Amino acid sequence: MAPSSGEAFPDLVLRDHAGSERSLSDLVAGDPTVVQTYRGWWCPKEQAFLRKLVVLQDEMEVAYTRIVSISIDPPAVTAAFRAGLGARWTFLCDPDRVAQQQLGLLETTDTVYRPYVPAVFTLFPDLTVHRAYDGYWFWGRPTLAELRQDMRAITRAVRPDWAAPTPSPSVVDPGAERHEGETP
Amino acid sequence: MSLSWHWLALVDERPDDATAAAPVHGADGAPAGFLAIWARRAKPLPAARRIDARLLDREGAEACISLVRPPPGVRLLFDDLAVQHARRAVLAALPLDAVTTLLSDASHFEGSLTVARGDGVARLADDPFARIFPARLLRVGAGVVGRLAAPAGPVIERYGSAQPWPQDRFAVAR
């Protein structure tokens, strides 16, 4: 069974689109993360959904949040698909379907490709699942608005300085130099 | 806690106090000094710049590098759109052995160092940071720079303004 809300997502170790072995925990590295499984490059529904994630990456890239995509496609195919999409996050490859079995995400209705069930998980930095979305039917997938809400909820929960640190009125120095670059 | 950045400089003489150093040669084979890294908090030389600490590898093999540096007197904000786009271009491409931006303070882009070996060497000529400032293609001896896991992406921001990108996590939970 795929992990559901409140459960631990397994710390998968798979090759990435460049062929290097990566662990999910190292890719997450302390940030809220969207993990997405998809059928493969050939599926129009996956192409449509990944194009939405490409739009979202313009926000994710400045928000200390990450995306990881997983399929059964091998690295060379995955790298070509990723480049065509214009995606700048890591894609993981599971051509031996080891992680697919571990996650219980074999799409049994497709006996030709035996792909992943399309699914989306929003994760806390410790890989605990915040929300799980079953994308077998396209409308089961999260909208970008829902992903933004999930990223906000996780970020609020894990960043101790979610409420902006501001000086108390008694210590405000109007002449003090602002320390640049510390805005999250 | 280990340091998240080290100091790097290209110098004429091998520094006695560097953590690692190796001779550097230009594309024509001519000596071009020494690439040195210092693993310490205090700045060792005025010309030294911060790098992602993970680049240091005293077991690292000989490598080709693209060293991008601003011309004398030129300064560019790290948040400049050109620097943002260069970071995106790095993430979009297949990874090379290692990359780091160079910093001297919390605000300015002071160049970059990209490391390649094998088939990746030819791609150094397309270093995205070389679209911003001039790049020198050099060969550095063994014992200085290693191979890093590629940046996870899509984050292009620094994890604290003092951290050279792509150092990829906050030093403490926040």
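Structure report, in brief. For clarity, every value in this text was computed on a predicted model and none was experimentally measured.

### So, the packing of aromatic side chains
Alright, step 1. Applying the stated criterion across every chain, the model contains 12 aromatic pairs over all chains.
Alright, step 2. Judged by centre distance (5.8 Å) and plane angle (40°), the ring pair of Tyr38(A) and Phe81(A) falls under tilted. On the criterion of sequence distance, the pair formed by Tyr38(A) in the loop between β3 (33-37) and α2 (44-60) and Phe81(A) in helix α3 (residues 75-85) is long-range, its members being 43 residues apart.
Alright, step 3. You can call Tyr38(A) buried: its relative accessible area is 0%.
Alright, step 4. Judged by centre distance (5.0 Å) and plane angle (50°), the rings of Tyr64(A) and Phe170(B) are tilted.

### Focus on the interface of chain B and chain A
Alright, step 1. Tallying the contact residues gives 27 residues for chain B and 31 residues for chain A.
Alright, step 2. Interface area for chain B against chain A, summed over the two sides, is near 2,300 Å², with a carbon-plus-sulfur share of 49%.
Alright, step 3. Applying the counting rule to chain B against chain A returns 2 salt bridges.
Alright, step 4. Linking chain B with chain A are 12 residue pairs in polar contact (both at pLDDT 80 or more).

### Digging into the sheet that holds strand β1 (residues 5-11) of chain B
Residue and element names in this part refer to chain B.
Alright, step 1. Ordered by their spatial adjacency, 8 strands build an open sheet running β4-β1-β3-β2-β10-β5-β9-β7, and the pairing between neighbours is antiparallel. Looking at the sheet topology across the chains shown, the edges are occupied by β4 (49-52) and β7 (98-101). Taking each pair of neighbouring strands and ignoring which way they run, the sheet shows an average axis angle of 30°.
Alright, step 2. Of the pairings in the sheet, the one linking strand β5 (residues 63-68) to strand β10 (residues 135-140) comprises 6 bridges and is antiparallel in character. Bridging from a neighbouring strand, Ser-66 pairs with Leu-137 of β10.

### Here we look at the side chain of Ser69(A)
Residue and element names in this part refer to chain A.
Alright, step 1. Along the chain, the position of Ser-69 falls in strand β4 (residues 66-71).
Alright, step 2. Looking at Ser-69, its side chain comes within polar contact range of the side chain of Gln-36, at 2.6 Å.
Alright, step 3. Setting aside residues no more than four positions away along its own chain, Ser-69 makes contact with Gln-36, Tyr-38, Leu-50, Trp-89, Thr-90, Phe-91 and Leu-92.

### A short note on α2(A)
All names here are of chain A.
Alright, step 1. End to end, α2 covers 24 Å across 17 residues, agreeing with the expected 24 Å (1.5 Å per residue, within 8%).
Alright, step 2. Residues Glu-46, Phe-49, Leu-50, Leu-53, Val-54, Leu-56, Gln-57 and Met-60 constitute the buried set of α2.
Alright, step 3. On its buried face, α2 sits against β3, β4, α3, β5 (90-93), β6 (119-123) and α5 (144-158).

### Here's the deal with empty space enclosed by the protein
Alright, step 1. Counted under the stated rule, the structure contains 1 cavity of 30 Å³ or more.
Alright, step 2. Taken as a whole, the largest cavity holds about 80 Å³ of empty space.
Alright, step 3. In the lining of the largest cavity, the residues fall into 6 nonpolar, 2 polar and 3 charged.

### Topic: the side chain of Asp16(A)
All names here are of chain A.
Alright, step 1. Tracing the backbone shows Asp-16 in strand β1 (residues 13-16).
Alright, step 2. Exposure remark for Asp-16: the relative accessible area of 2% places this residue in the buried category.
Alright, step 3. Engagement of the side chain of Asp-16 in a polar contact is seen with the backbone nitrogen of Ala-18, the distance being 2.8 Å.
Alright, step 4. Once residues within four sequence positions are removed from consideration, Asp-16 is found in contact with Arg-22, Pro-75, Thr-90, Phe-91, Leu-92 and Cys-93.

### Structural notes on the pattern of salt bridges
Alright, step 1. On inspection of all chains with the given rule, the structure shows 23 salt bridges over all chains.
Alright, step 2. Between Asp31(A) and Arg159(A) there is a salt bridge; the shortest N-O distance is 2.8 Å. One end of the pair, Asp31(A), is in the loop between α1 (24-28) and β3; the other, Arg159(A), is in the segment after α5, with 128 residues separating them in the sequence.
Alright, step 3. Taking relative accessible area as the criterion, Asp31(A) reaches 1% and is therefore assigned buried.
Alright, step 4. Arg40(B) is the salt-bridge partner of Asp17(B), the closest N and O atoms lying 3.3 Å from each other. With a gap of 23 residues between them, Asp17(B) in the loop between β1 and β2 (20-26) and Arg40(B) in the loop between β3 (31-38) and β4 connect regions that are remote in the sequence.
Alright, step 5. With a relative accessible area of 46%, Asp17(B) lands in the partly exposed category.
Alright, step 6. Within the structure, one salt-bridge network assembled from shared partners comprises Asp26(A), Asp52(B), Arg54(B), Asp168(B) and Arg169(B).

Cut-offs and rules
- Counting from 1, residues in each chain are numbered in the order their sequence is written.
- Throughout, the order in which chains and ligands are written sets their labels, letters from A for the former and numbers from 1 for the latter.
- With the structure being a predicted model, the display of local features is reserved for residues of pLDDT at least 70 and the display and counting of side-chain atom pairs for 80 or more, all residues being used for whole-chain, interface and lining totals.
- Each side-chain value is derived from all of the structure's non-hydrogen atoms; neither hydrogens nor water enter the calculation.
- Two aromatic rings from Phe, Tyr or Trp, using only the six-membered ring of Trp, form a pair when their centres are within 6.5 Å; if the ring planes differ by under 30 degrees the pair is stacked, by over 60 it is edge-to-face, and anything between is tilted.
- Under the DSSP-based scheme used, a helix requires at least four consecutive residues in state H or I and a strand at least two consecutive residues in state E, with every element numbered from the N terminus.
- Exposed residues in this analysis have more than 50% of their type's maximum accessible area, buried residues have under 20%, and partly exposed residues fall in between, with area computed by a 1.4 Å probe over protein chains only.
- Any two residues whose heavy atoms approach within 4.5 Å at even a single point are treated as in contact.
- The quantity reported as buried area is the accessible area (1.4 Å probe) lost by two parts once they are put together, taken as the sum for both.
- Salt bridge, as applied in this entry: a Lys or Arg side-chain nitrogen positioned within 4 Å of an Asp or Glu carboxyl oxygen.
- What qualifies as a polar contact is a pair of N or O atoms within 3.5 Å, subject to a donor-acceptor requirement within protein and to the restriction that residues adjacent in sequence count only when both atoms come from side chains.
- DSSP bridges decide pairing: two strands pair if at least two such bridges lie between them.
- Orientation is described by axes fitted as lines to C-alpha atoms, over the contacting stretch for helices, and by angles from 0 to 180 degrees between their N-to-C directions.
- Expected helix span is given by 1.5 Å per residue-to-residue step, counting one fewer step than there are residues.
- The distinction between a cavity and a pocket rests on a 1 Å grid over the protein atoms alone: a 1.4 Å probe fits inside a cavity but cannot get out, while a pocket stays open yet meets protein on both sides within 12 Å along at least five of seven lines, and a residue with an atom within 4 Å of a point counts as lining.
- Grid points are joined across faces, edges and corners, and a volume is the space filled by probe spheres set on the points.
- Polar here means any residue other than Ala, Val, Leu, Ile, Met, Phe, Trp, Tyr, Cys and Pro, which are nonpolar, and Asp, Glu, Lys and Arg, which are charged; Gly is therefore polar.

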